[in-house]
Amino acid sequence: MRGQCRVDWPLAPRPGQKEVSERLSELLSSGFRVLFTAPTGWGKTLAALVALYSSRLLPTVWMVRSLTLGERVGEDAALLKLISVTLAGREKTCPLAEELGEGVHDYCRYFRYECPYNKPPLEVPLMSYEELMRLGAREGFCPYYAQDLVAERAEVIVQSYYRRVPRVARSFVVDEAHNLLMPREASYRISEMVKAVDEARRLGASERLVGALSAIIKYALIRDGPLDPKLFLDEGLEGELREIYLEALRARRGALRPLIKLVRAEAVYVEGERILTYEPRRILPFRPTLFISATLPEGADKLLQVDAEVRVPWSKRLKAHVVEHLTTKYGEFDSNMALGYKKLLLELAKDHERVVAFAASSRVARELTGVVDYYETRPPREWRGIALFRARGRFSEGVDLPADVAVMLGCPYLPPEVSSRLARAYKALGVQEPVKMALDVPMLITTLQCIGRAARSPGEKPLVVLADERYRKYVRELEPYLELS
Ligand code: SF4
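Rules and cut-offs
- Residues numbered from 1 in each chain as written.
- Predicted model: local features only at pLDDT ≥ 70, side-chain atom pairs only at ≥ 80, totals over all residues.
- Axes fitted to C-alpha atoms, helices over the stretch in contact; angles between N-to-C directions.
- Helix = DSSP H or I, 4+ residues; strand = E, 2+ residues; numbered from the N terminus.
- Parallel < 35°, antiparallel > 145°, perpendicular 65-115°, else oblique.
- Left-handed = near helix turned anticlockwise from the far one by under 90°.
- Contact = placed C-beta atoms within 7 Å.
- Nonpolar A, V, L, I, M, F, W, Y, C, P; charged D, E, K, R; others polar.
- Buried ≥ 20, exposed ≤ 12 C-beta atoms within 10 Å, placed from the backbone.
- Pairing = 2+ DSSP bridges.
- Domains from an automatic or database assignment.

## Some details on the packing of helix 7 (residues 129-139) against helix 8 (residues 143-151)
Taken N-terminus to C-terminus, the directions of helix 7 and helix 8 make an angle of 125°; their axes are 10 Å apart at the nearest point. If you check the angle between helix 7 and helix 8, you find them oblique. In this structure, the crossing between helix 7 and helix 8 has a hand that is right-handed. Contacts from Y129, L132, M133 and G136 in helix 7 reach P143, A146, Q147 and V150 in helix 8. A class-by-class count of the residues in the contact of helix 7 with helix 8 yields six nonpolar, two polar and no charged.

Here is the structure:
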């Protein structure tokens, strides 16, 4: 093949790994956007690195959800003797991030020319971002932008999905690409919003603005569910809030940021003492790009706008049952239905030692905490019983929760008002099948991620119980991963 170079595998490739790598190399060399799915532990990272290396598509920008997940990429790159570097975002590297918090991005966007560190060094050696931060602190330069110079020396550049892409890149990899099909969610405590309103008052906000912001908070305190800040703030008040925010940023105060996020969000939802904000995800337009995931429901190829797909099927699918007499559907999840779910959990716990359960929402979780042994906490090493987690909570991704049964207590859809707002936003962005992108795909990805907590290594084969009649609609999407009965 033209433009290819020979790469020796550092370890004997597993059956099929070399062939898959060659196919990826062929597709990426043609400038394609390629979707690559294979089971957890199959060796996707090494196969992808060999493909990029052999097709001379390095340096590559390898995008990850969290930088700790990027360590594995660095280890595999080292096996091929490739130079890798991890680039961190502003919140980790900017010397002003402590004062400004999340507001550091807007500060840098609007007031970078006033920043005392905005004098990049001419040259920096290859070093980690932590070392660069120490050097920047000594020499007074901005470590965030200096990382671009480090990137010029690397062949594999690991960074988060959100960091700006270095110019040197010849190809892109999106690791755990299912995350791109989930909306961006941020969560704020109501107490943070109260502090932000106090700050706005101190900074001279008009009485009308403070009154409107206080009304939003009062509403959130008494009512769970959707919240539309635009019903409280007219255009004039929004403009005033924005001006005060920028003035505060200029004075290096970032406390108003939660209020700005609230106003800018596509959808807002109140859940207990937290306010959740949602924004549609933008699909990155770069080429050639390799999207990697262990679990992507059928149809994801269209949403990610890929040209070709390489799927390594799951050789051993987990056995799964759909429980058809239960649902957490709005209007049908009452005390009787909750009783049905409790009975199911207790029955499962009779026959199995460790039951990991994921509640579709906080409302469902609240009804069921009485029958479980652990709730939203990691069980001890030798645990027995029922451990309950929220499906979109902090334990639903990246955590190992080995169990004998993994049970979904309802379909974890986003709240209906959030999905419909996101669907409108996706439609405006020109996404094909916006309803699917806003409604079905996030639910299916959340389900597969939750189940994956109990089956992190190939030897773990928990029974899967999908306790909601609505799962019947998704047999085609789930069958590549589950043997449904
Ligand atoms: S230029 Fe660098 S130091 Fe200054 S605000 Fe931006 S990221 Fe922070």
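## Description of the pairing of strand 13 (residues 354-359)
Of all the six residues making up strand 13, six are buried; the element is thus mostly covered by neighbouring parts of the structure. Because side chains alternate across strand 13, one face comprises the buried residues R354, V356 and F358, and the other comprises V355, A357 and A359, equally buried. Judged from the six bridges that link them, strand 13 and strand 15 (residues 385-390) form a sheet pairing that is parallel. Paired with A359 across the bridge in strand 15 is R390. Relative to strand 16 (residues 405-409), strand 13 runs parallel, the two sharing five bridges. Directly across from A357, in strand 16, lies its bridge partner V407.

## Side note on the domain arrangement of the protein
Annotation of the protein at the domain level lists domain 1 (17-83 + 154-181 + 283-311), domain 2 (184-279) and domain 3 (318-484). Taking only C-alpha atoms, the centre of domain 2 and the centre of domain 3 are 32 Å apart. Taken together, the contact pairs seven residues of domain 2 with seven residues of domain 3. Per-element accounting of the side of domain 2 that touches domain 3 gives the leading share, three residues, to strand 8 (residues 267-271).

## Notes on helix 12 (residues 257-264)
Of all eight residues in helix 12, six are buried; the element is thus mostly enclosed. Turning to helix 12, its buried residues number three or more, namely R257, P258, L259, I260, L262 and V263. Here the buried face of helix 12 lies against strand 6 (184-189), helix 9 (190-202), helix 10 (207-222), helix 11 (235-250), strand 8 and strand 9 (274-279).

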